[in-house]
Amino acid sequence: MTLQRIPVAILGPGNIGTDLIYKVRRHPAFELVLMAGIDPSSEGLARARDLGVATSAQGVDAVLEAQPAIVFEATSAYAHKANAPRYKDAGIFAVDLTPAKMGPSIVPSVNMSDDFSAMNVNLISCAAQATIPLVHAISRVTPVSYAEIAAGLSSRSVGPGTRANVEEFTYTSQNAIAAIGGAGKAKALVAINPADPPQIMRNTVYAMVGDDADDDAIKASVHQMIRQVQTYVPGYRLTMDPFRRGDHFMVGVEVEGAGDYLPKYAGNLDIINAAAIAVADAYAATLN
Amino acid sequence: MSKITFVDVTLRDGNHTYRHQFTPEIVRHTAAALDAAGVDMIEVGHGDGIGGSSLHVGRAAATDRQLLEAACGAVKQAKVAVFFAPGLGNFADLEMAAEVGVKVVRMATHCTEADLTQQHIRRAKDMGLYVCGYLISAGMAPPDTLAEEARKMAAYGADYVNLAESQGHLVPTEVAARVRAVRQAVDIPIGFHPHNNLGLAIGNILAAINEGASFVDGSLKGFGGGAGNAQTEVAVAALKRSGHEVGVDLFKIMDAAAVFQGQLGNYPMPVIENDSILMGYANVYGGYLHPVQEAAKKYGVDPRALVLRLGARKVVAAQEDIVVEEAQRLAAQAA
């Protein structure tokens, strides 16, 4: 029996979009039909052509014309806000890698859904994908009144889209850390480091817990969650074992990427793209 | 001779030294004294700026709003300024600041990452604020890189660009080369913010002015992060002796220094401790002085070894978690 492959398009030929080419192609159920951008002379589109991908500089219009079942959008929050309703009208499932937040947010290890009726899923941010599992791991064993995350990203792994959307990056991340991570309140901080050689993406989570919280249960839950995230991001690992610091717990992880397009230090791109593939995969399962 | 705009940062940078525990009372009295002395701008808030209060950097004793209301209520002529780092603060923090009467925002980012400030510089300009593009750790990048980053900030709409030498690492010839490169790249005024790790804060200010800088940062009693800033009252005296035009009254700024010290009781004023010398020497962000000393004590490691590890990792501002991580690693290696 021949498997009918699902047509997939990518809009936005930057770091994220280019890395997605590799991940989409590796997936047996997906067929990459288009990489679209808006600048015919862009490096990203040239790179996609070199990789043998059909390309267009007609942006969202080219995606709508190609009629994929799934589109991965890696542009900017501003662009996705305009594009989202058009995908929906065309019956295209949109996986949004910008912080636009037009559909429900998903962190695969925490709240993977099988209800995709909104036809749009938001992946929040790379920092959210890396830290919400840890916040959730703590909040599922003890109440977390406040959670804070500090993400450290290498300068070379942060593209112009993210840089032009710092406000949405932090704001959308902190809302999701509270809502999906299960914290009463939340704050997200990001530091970008230009060191050469570039530093691997790192994340620290601070979670305020009660005096009566079971420290051993928190540690066990965090360790279990790390193993779960490793099933789709193998380079996700502890750098600071959870420990109590006064009224809060502190835990640190680094995220080494698969090294598909950008080098391995760009774990931030890898974790959000791995999440995108996991969501697309879950949606594809509902089509059969 | 140059006309100098004097920016006092005691009530912001000094909050690093005071572990972010400034109260509205301290702010009110100090801001009133700075205002009376003729300081042009008074920067107020958490050490890492508005939105900076956090478990990661340090929790503030008062809200940003409380501190800013205290400052805005105390000044007659000076403009109240805030420090804002995109990635830490949000638009809501900026809107709050403008609402309570803040006139100046200093939009800060690591000196190679100017494009992170584009969105927030534009928003602040739209709100009618006077905007400074603030390049942190300017000793971590060469002159041509700083010039390029300053040019970006000018293009986003910054009214002036400030080179913040957060490590106290540079000597006067190195400061001069950086200011000169930026001067050739932008038409907007240039400011300089030194730290005193190698005892060069005032000399570096004079070197910056000689190359065309016209905004100067200092703090009363030198009360700023790490080894401290240029001591405001000393800088005013030195600027006057150099023949520069500065609108700050020498006696009244000395009085302001006394008012500030009086507000802090017996709290020690900055001296250049050994750890600070090493941070200046190794080009490590001076705001990590307290985190380094606290982590070294907690994990039983030599703070100097920790400073060198941070230097090797090329940490930038707002990476306090790495201080803890490296202290744990040093302790584990010693075990």
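The rules we used
Residues numbered from 1 in each chain as written. Chains lettered and ligands numbered in written order. Predicted model: local features only at pLDDT ≥ 70, side-chain atom pairs only at ≥ 80, totals over all residues. Helix = DSSP H or I, 4+ residues; strand = E, 2+ residues; numbered from the N terminus. Rg over C-alpha atoms; globule rule 2.2 N^0.38 Å. Buried ≥ 20, exposed ≤ 12 C-beta atoms within 10 Å, placed from the backbone. Contact = placed C-beta atoms within 7 Å. Pairing = 2+ DSSP bridges. Right-handed = clockwise from strand over helix to strand, strands pointing away. Axes fitted to C-alpha atoms, helices over the stretch in contact; angles between N-to-C directions. Parallel < 35°, antiparallel > 145°, perpendicular 65-115°, else oblique. Left-handed = near helix turned anticlockwise from the far one by under 90°. Core = buried A, V, L, I, M, F, W, Y, C linked by C-beta atoms within 7 Å. pLDDT = per-residue confidence, 0-100. Domains from an automatic or database assignment. Nonpolar A, V, L, I, M, F, W, Y, C, P; charged D, E, K, R; others polar.

Peer 1: How do you make sense of the overall build of chain B when you look at a structure like this?
Peer 2: Across its full length, chain B carries 14 helices and nine strands. The C-alpha radius of gyration of chain B comes to 18 Å, within 12% of the 20 Å expected for a compact globule of 335 residues. Taking the principal axes of its C-alpha atoms as reference, chain B extends roughly 60 × 45 × 40 Å. Across the 335 residues of chain B, 61% fall into the buried class. Sequence-distant contacts in chain B: of pairs separated by 6 or more residues, those separated by 24 or more amount to 77%.

Peer 1: When you look at the overall build of chain A in this model, what are you seeing that I'm missing?
Peer 2: Along chain A, the regular secondary structure elements total ten helices and eleven strands. A globule of 288 residues ought to have a C-alpha radius of gyration of about 19 Å, and chain A, at 19 Å, matches this closely. Along the longest, intermediate and shortest principal axes, the C-alpha atoms of chain A span 60 × 45 × 35 Å. The buried share among the 288 residues of chain A stands at 57%. Within chain A, counting contacts between residues at least 6 apart in sequence, those at least 24 apart form 69% of the total.

Peer 1: How should I be thinking about the environment of Ala-185 of chain B in this particular structure?
Peer 2: Residue and element names in this part refer to chain B. With respect to the element layout, Ala-185 can be found in helix α7 (residues 172-185). Since 19 C-beta atoms lie within 10 Å of it, Ala-185 is described here as partly exposed. Between the alpha carbons of Ala-185 and Thr-112 there is a distance of 15 Å; along the sequence they are 73 residues apart. Setting aside anything within four residues of it in sequence, one finds Ala-185 in contact with Ala-147, Ala-150 and Arg-151.

Peer 1: When you look at the interface of chain A and chain B in this model, what are you seeing that I'm missing?
Peer 2: A common measure of how large an interface is: the accessible area buried when the components associate. Taken residue by residue, the interface counts 24 residues in chain A and 24 residues in chain B. For the side of chain A that touches chain B, the elements supplying multiple residues, two or more each, are β7 (144-154), α8 (166-179), β8 (183-193), β9 (201-209), β10 (236-245) and β11 (248-255) of chain A. When residues of the side of chain A that touches chain B are assigned to their parent elements, the largest contribution, six residues, is made by β8 of chain A.

Peer 1: Any chance you could explain the sheet that holds strand β3 (residues 55-56) of chain A here in plain terms?
Peer 2: Residue and element names in this part refer to chain A. Spatial ordering of the open sheet is given by β3-β2-β1-β4-β5-β6, a layout of six strands whose pairing is parallel. Each edge of the open sheet is held by one strand with a lone partner, namely β3 and β6 (120-122). As judged from the four bridges shared by strand β1 (residues 6-11) and strand β4 (residues 70-73), these two strands associate in the parallel manner. Within the sheet, the bridge partner assigned to Val-8 lies in β4 and is Ile-70.

Peer 1: Help me out: how do you make sense of the pairing of strand β6 (residues 160-164) of chain B in this one?
Peer 2: All names here are of chain B. Counted residue by residue, β6 has five buried out of five residues, so it is predominantly covered. Relative to β6, strand β5 (residues 130-136) is paired through four bridges, and the arrangement is parallel. Looking at β6, one finds that Gly-133 is bridged to Val-161. Each parallel crossover has a hand, and for β5 linked through helix α6 (residues 143-156) to β6 it is right-handed.

Peer 1: Where do I start with the packing of α6 of chain B against α7 of chain B in this structure?
Peer 2: Residue and element names in this part refer to chain B. Closest axis-to-axis distance for the α6/α7 pair is 8 Å, and the angle between their directions is 40°. Considering their axes alone, α6 and α7 lie oblique with respect to each other. In this structure, α6 crosses over α7, and the sense of that crossing is right-handed. Counting all contacts with α6, which are made through Pro-143, Asp-144, Leu-146, Ala-147, Ala-150 and Arg-151, the residues of α7 involved are Ala-177, Arg-178, Ala-181, Val-182, Gln-184 and Ala-185.

Peer 1: In this structure, what is going on with unusual backbone geometry? I would like to understand it.
Peer 2: Phi is mostly negative for residues that are not glycine, and the peptide bonds are mostly trans. Put simply, Asp-196 of chain A and Pro-197 of chain A share a cis peptide bond, and its omega is 5°. Mapped onto the elements of the fold, Pro-197 of chain A is located in the loop between β8 and β9. Of note, Asn-283 of chain B is a non-glycine position whose phi angle comes to about 60°, a positive value. With respect to the element layout, Asn-283 of chain B can be found in the loop between α11 (274-282) and α12 (289-299). Phi at Lys-314 of chain B is positive, roughly 50°, even though this residue is not glycine. Relative to the assigned elements, Lys-314 of chain B resides in the loop between α13 (303-312) and α14 (320-334).

Peer 1: Would you explain the pairing of β9 of chain A in this entry?
Peer 2: Along a regular strand, successive side chains alternate from one face of the sheet to the other. All names here are of chain A. In terms of residue burial, β9 counts as a mostly covered element, since nine of its nine residues are buried. Of the two faces of β9, the one holding Met-201, Asn-203, Val-205, Ala-207 and Val-209 and the one holding Arg-202, Thr-204, Tyr-206 and Met-208 are both buried throughout. With eight bridges joining them, β7 and β9 adopt antiparallel strand pairing. Looking across to β9, one finds that Val-144 is bridged to Val-209. When β9 meets β11, the two strands line up antiparallel, connected through eight bridges. Across the sheet, Thr-204 pairs through a bridge with Gly-252, a residue of β11.

Peer 1: Mind showing me how you'd approach the nonpolar core here?
Peer 2: General note: in soluble globular proteins, nonpolar side chains tend to be found buried as a group. Counting residues in hydrophobic clusters, the biggest one holds 217 residues, and the most contacted among them are Ala-207 and Ala-276 of chain A together with Ile-42, Ala-71 and Val-105 of chain B. Sequence-distant contacts of Val-105 of chain B, that is, excluding residues within four places in its chain, are made with Ala-81, Val-82, Phe-84, Leu-94, Ala-97, Ala-124, Leu-129 and Val-131 of chain B.

Peer 1: Help me understand the confidence of the model for chain B, please; the structure alone is not making it clear to me.
Peer 2: Parts of the model with low pLDDT should not have their predicted coordinates read in detail. In this model, chain B carries a mean pLDDT of 97, and residues with pLDDT of at least 70 account for 100%. Across the assembled chains, the prediction reports ipTM 0.95 with pTM 0.94.

Peer 1: Looking at this structure, I do not really get the domain arrangement of chain B. What am I missing?
Peer 2: Residue and element names in this part refer to chain B. Taken domain by domain, chain B consists of domain 1 (3-263) and domain 2 (274-334). Between the C-alpha centres of domain 1 and domain 2 there is a distance of 25 Å. Residue-level contacts link 23 residues of domain 1 with 16 residues of domain 2. Split by residue class, the side of domain 1 that touches domain 2 holds seven nonpolar, 14 polar and two charged.

Peer 1: Teacher, can you tell me more about the domain arrangement of chain A here?
Peer 2: Residue and element names in this part refer to chain A. Taken domain by domain, chain A comprises domain 1 (6-123 + 270-287) and domain 2 (126-265). With 25 residues of domain 1 at the interface, the matching set in domain 2 holds 28 residues. Put simply, the parts of the chain that give the side of domain 1 that touches domain 2 at least two residues each are α1 (15-26), α5 (108-111) and α10 (267-287). The residue makeup of the side of domain 1 that touches domain 2, split by class, is twelve nonpolar, nine polar and four charged.

Peer 1: So what exactly am I meant to see when it comes to the sheet that holds β11 of chain A here?
Peer 2: Residue and element names in this part refer to chain A. Within the open sheet, the five strands sit side by side as β8-β7-β9-β11-β10. Their pairing is mixed. The two strands at the open ends of the sheet, each matched to only one other strand, are β8 and β10. On average, each strand axis in the sheet is tilted by 15° relative to the strand beside it, whichever way the strands run. Here α8 sits on the sheet and contacts β7 and β8; the angle it forms with β8, its principal contact strand, is near 145°. Each of β7, β9 and β11 is contacted by α10, which is oriented at about 95° to β11, the strand it contacts most.

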